[in-house]
Amino acid sequence: LKRIMPEIIKWTYEPNEGYEKARTLYSNVAGQFSLYMGHVATNVAGIYSTPISVEQTDVKAVEFVPKEIQKKAMAFLNKELFTMPTWLMDSQLLEKAQVNTSSFIFSVQSGILKGLLSSRTLDKMTTNELMNGTKAYTSAEMFQDLRKSIWNDLRGGKRPDLNQRALQKVYVNSLTAMLEKPKSNFLLLRTPSLLGEVTKESLNKIRKVETKNQYIYYLLFLGLSSVTFSKVGNIGKIIRNLYTNRI
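Since we're looking at a predicted model, the values are computed, not measured. Sequence order sets the numbering: in each chain, residues are counted from 1 along the sequence as written. The predicted nature of this model means local features are confined to residues of pLDDT at least 70 and side-chain atom pairs, given and counted, to a pLDDT of 80 or more, with totals for whole chains, interfaces and linings taken over all residues. With hydrogens and water excluded, all non-hydrogen atoms of the structure serve as input to the side-chain values.

Some details on the overall build of the protein
- In terms of helices and strands, the protein carries twelve helices and two strands.
- Under the scheme used here, helices are H or I runs from DSSP no shorter than 4 residues and strands are E runs no shorter than 2 residues, and both carry numbers assigned from the N terminus. Taken from N to C terminus, the helices and strands of the protein fall in the order α-α-β-β-α-α-α-α-α-α-α-α-α-α.
- Each residue is placed in one exposure class: buried if its accessible area under a 1.4 Å probe, protein chains only, is under 20% of its type's maximum, exposed if it is over 50%, and partly exposed if it falls in between. Among the 247 residues that make up the protein, the fraction classed as buried is 38%.
- Sequence separation of at least 24 residues holds for 68% of the intrachain contacts in the protein that already meet a minimum separation of 6.
- Working definition of accessibility: Shrake-Rupley area with a 1.4 Å probe, residue cover restricted to the visible protein chains. Per element, the accessible surface of the protein, about 14,400 Å² overall, is 53% carbon and sulfur. A contact between two residues is defined here by any heavy atoms of the two lying within 4.5 Å.

Here's the deal with the nonpolar core
- The biggest cluster of nonpolar side chains holds 42 residues, and the ones touching the most others in it are Leu-77, Phe-82, Met-142 and Leu-146.
- Listing elements by their share of this core, those giving two or more residues are helix H1 (8–11), helix H2 (20–41), helix H3 (67–82), helix H4 (91–97), helix H5 (101–116), helix H6 (119–132), helix H7 (139–147) and helix H8 (162–180).
- Sorting elements by how many residues they give to this core places H2 first, with eight residues.
- Dropping the residues within four chain positions of it, Leu-77 is found in contact with Met-37, Val-40, Ala-41, Phe-82, Ile-112 and Leu-116. To define a nonpolar core, start from buried Ala, Val, Leu, Ile, Met, Phe, Trp, Tyr and Cys residues and group those joined through side-chain atoms within 4.5 Å.

A closer look at the packing of H3 against H5
- Lines fitted to C-alpha atoms define the axes, with helix axes restricted to the stretch in contact, and inter-axis angles between N-to-C directions lie between 0 and 180 degrees. Put simply, H3 and H5 touch, their axes get as near as 11 Å, and they point 155° apart. Relative to H5, the element H3 is oriented roughly antiparallel. Of the two possible hands of crossing, H3 and H5 adopt the one that is left-handed. Contacts between H3 and H5 involve Met-74, Leu-77, Leu-81 and Phe-82 from the former and Val-108, Gln-109, Ile-112, Leu-113 and Leu-116 from the latter.
- Note that Gly is not counted as nonpolar here; it falls among the polar residues with everything else outside the nonpolar set of Ala, Val, Leu, Ile, Met, Phe, Trp, Tyr, Cys and Pro and the charged set of Asp, Glu, Lys and Arg. Grouping the constituent residues of the contact of H3 with H5 by class yields eight nonpolar, one polar and no charged. Small angles under 35 degrees read as roughly parallel and large ones over 145 as roughly antiparallel, with 65 to 115 read as roughly perpendicular and the rest as oblique. By convention, the crossing between two helices is left-handed when the near helix turns anticlockwise from the far helix through less than a right angle, and right-handed when the turn is clockwise.

Remarks on the pattern of salt bridges
- Salt-bridge detection follows one rule: a side-chain nitrogen of Lys or Arg within 4 Å of a carboxyl oxygen of Asp or Glu. Applying the stated criterion to the full structure yields five salt bridges.
- Taking the shortest distance from any N to any O, the salt bridge between Lys-71 and Asp-145 comes out at 3.3 Å. Remark: Asp-145 occurs in helix H7 and Lys-71 occurs in helix H3; sequence separation between them is 74 residues.
- Given a relative accessible area of 32%, Lys-71 falls into the partly exposed group.
- Across the pair Lys-148 and Asp-145 runs a salt bridge, and its minimum N-O distance is 3.3 Å.
- A single network of salt bridges, built from pairs that share partners, joins Lys-71, Asp-145 and Lys-148.

With respect to the packing of H2 against H5
- Here H2 crosses H5 at 15°, and the two axes come no closer than 10 Å. Between H2 and H5, the crossing angle belongs to the class labelled roughly parallel. Along this stretch, H2 crosses H5, giving a crossing that reads as right-handed. Counted together, Tyr-26, Ala-30, Phe-33, Ser-34, Met-37, Gly-38 and Ala-41 of H2 and Thr-101, Phe-104, Ile-105, Val-108 and Ile-112 of H5 form the full contact between these two elements.
- Split by residue class, the contact of H2 with H5 holds nine nonpolar, three polar and no charged.

Focus on the environment of Tyr-137
- Residue placement: Tyr-137 occurs in the loop between H6 and H7.
- Sequence-wise, Tyr-137 and Glu-68 are 69 residues apart; in three dimensions their C-alpha atoms are separated by 8.0 Å.
- When sequence neighbours within four positions are dropped, the list of residues in contact with Tyr-137 reads Val-44, Lys-67, Gln-70, Lys-71, Met-74, Met-125, Asn-128, Met-142 and Asp-145.
- Polar contacts, as used here, are pairs of N or O atoms within 3.5 Å; protein pairs need one atom able to donate a hydrogen and one able to accept it. Residues neighboring in sequence count only if both atoms are side-chain atoms. In terms of polar contacts, Tyr-137 uses its side chain to reach the side chain of Asp-145, at 2.6 Å.

With respect to H2
- The terminal C-alpha atoms of H2, which comprises 22 residues, lie 31 Å apart, in line with the 32 Å expected from a rise of 1.5 Å per residue.
- Within H2, the full set of buried residues consists of Ala-22, Tyr-26, Val-29, Ala-30, Phe-33, Met-37, Val-40 and Ala-41. Summarising the axial view, the buried residues of H2 lie within an arc of 120°, below the 170-degree limit, and thus occupy one face.
- Of the surrounding secondary structure, the elements contacted by the buried residues of H2 are H1, H3, H4 and H5. Here, expected helix span is obtained from the residue count minus one, scaled by 1.5 Å. This arc is taken over the directions from the axis of the helix to the C-beta atoms.

See below:
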């Protein structure tokens, strides 16, 4: 795809014709890129499903994707997708073919990010963690990994550009959207990885979370703590206290 991009205008040139072919070719390249990113993203919270018969007692019908593969998938997405893939941008395509390449890229980025931060993904991560403990790739680890790309401005350096700020907004909106219409048992089952060792007492506390306000404090703690704690420790302590006092 990186070899095709610089040649789109040249390869689709036709005397006395417009740039429709250039737009079509770019759409195909962007679509293929989106397909690749989607295939990688399915590894995060992914599940291997194998039909088995009753005689196959040593074979598992359902297995979670190994932790190391999920971490590699997240590292790939951070590098190739959430870090702006500038090679997919071309000023000539915008000026001549009227192709908004930035819009194509953000569409892929936001779609993948929303999928990663969906209740369905978090549900599967919860189940994996409860079943496999430290062998599971947890939502807490995913939040920390996403911080390396989407929130890397918090570690210092250059200010976030327009694209990164837009992704940060998608990140926050994806989490807060679940507060309005919770669709899963994510909150009730979530192992408190960020709160320390799992105990019967901590699990009982989580199961007692029933009101919307309590839900908000806990879920925001889970999803945003990877950002908040690293930047402003005192705010992290305040959120922790709010959570504890309300359950």
